[in-house]
Amino acid sequence: MKLYSYWRSTTSYRVRAALNLKGLAYETIPVDLTAGAQQAEDYVRLNPGKGVPTLVLDDGTVLTQSLAIIDYLDAVFPSPRLIPEEPAQRARVLAAAHTVALDIHPVNNLRLIGQLKSRYGATPEQARDWMDHWMTEGFNALEPQLSDTSTFSFGEAPDLADLCLVAQVYNAHRWGVDLSPFPKITRVEQACLGLPEIAAAHPDQQPDAIGS
């Protein structure tokens, strides 16, 4: 498999972690979003959304959107399972994952921040304030959803919610979000990074990371 990825992309981080947890071999192909590589004609043919990640299977099948990719991986390679089968638990995990992937991430996307700056003249300080506001709003919604007692978000093994959470908290550190009001989120991040498979998916460990 080939994973088209950008080192700082939180959506790519989710998929790298899922692939690693399932022990699947893949080749990382960097797509430099800051240089506009996602706009290249050959890449747009793979991913018309002009984003990352894109996963190309060994038979040439192209998959896009991180949650859809992880859902596919869970269906085809079910061990370890990242999306529970039991309906109520599945709904809880998906709700937490969606809080990150659908509520927090879209309004903090690189493309959106670029529009704030170019179209509306936002300063770097205003862009940072925007990022911090929406991440804090999202974490306020996420924190009470998580288990009070388990190691990870909902149990003793990572699931889809954990992969979304750990990637978003990376972004929160980058933008200076105060995480002290969120002890459960902090606990889960530490548990995730304690796993070699997720630690290896961290942006700083990627071949295209600046300074790597």
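Below you will find a few notes about this structure. (Residues numbered from 1 in each chain as written. Predicted model: local features only at pLDDT ≥ 70, side-chain atom pairs only at ≥ 80, totals over all residues. Heavy atoms only, no water.)

### Remarks on the layout of surface pockets
Argument step 1. Approximately 800 Å³ is the volume attributed to the largest pocket.
Argument step 2. Those elements that provide at least two residues to the lining of the largest pocket are helix 1 (10-21), helix 3 (66-76), helix 4 (87-104), helix 5 (110-120) and helix 7 (160-175).
Argument step 3. No other element matches the 4 residues that helix 5 contributes to the lining of the largest pocket.
Argument step 4. Within the lining of the largest pocket, the residues separate by chemical class into 14 nonpolar, 15 polar and 6 charged. (1 Å grid on protein atoms, 1.4 Å probe; cavity = no way out; pocket = protein on both sides within 12 Å on 5 of 7 lines; lining within 4 Å. Points joined across faces, edges and corners; volume = space filled by probe spheres on them. Helix = DSSP H or I, 4+ residues; strand = E, 2+ residues; numbered from the N terminus. Nonpolar A, V, L, I, M, F, W, Y, C, P; charged D, E, K, R; others polar.)

### Looking at the environment of Gly-138
Argument step 1. Mapping Gly-138 onto the fold places it in helix 6 (residues 124-142).
Argument step 2. Relative accessible area serves as the criterion here: at 8%, Gly-138 is assigned to the buried category.
Argument step 3. Placed 71 residues apart in sequence, Gly-138 and Ala-209 show a C-alpha to C-alpha distance of 27 Å.
Argument step 4. Residues contacting Gly-138, with those up to four places away along its chain left out, are Thr-99 and Ile-104. (Buried < 20%, exposed > 50% of the residue type's maximum accessible area, 1.4 Å probe, protein only. Contact = heavy atoms within 4.5 Å.)

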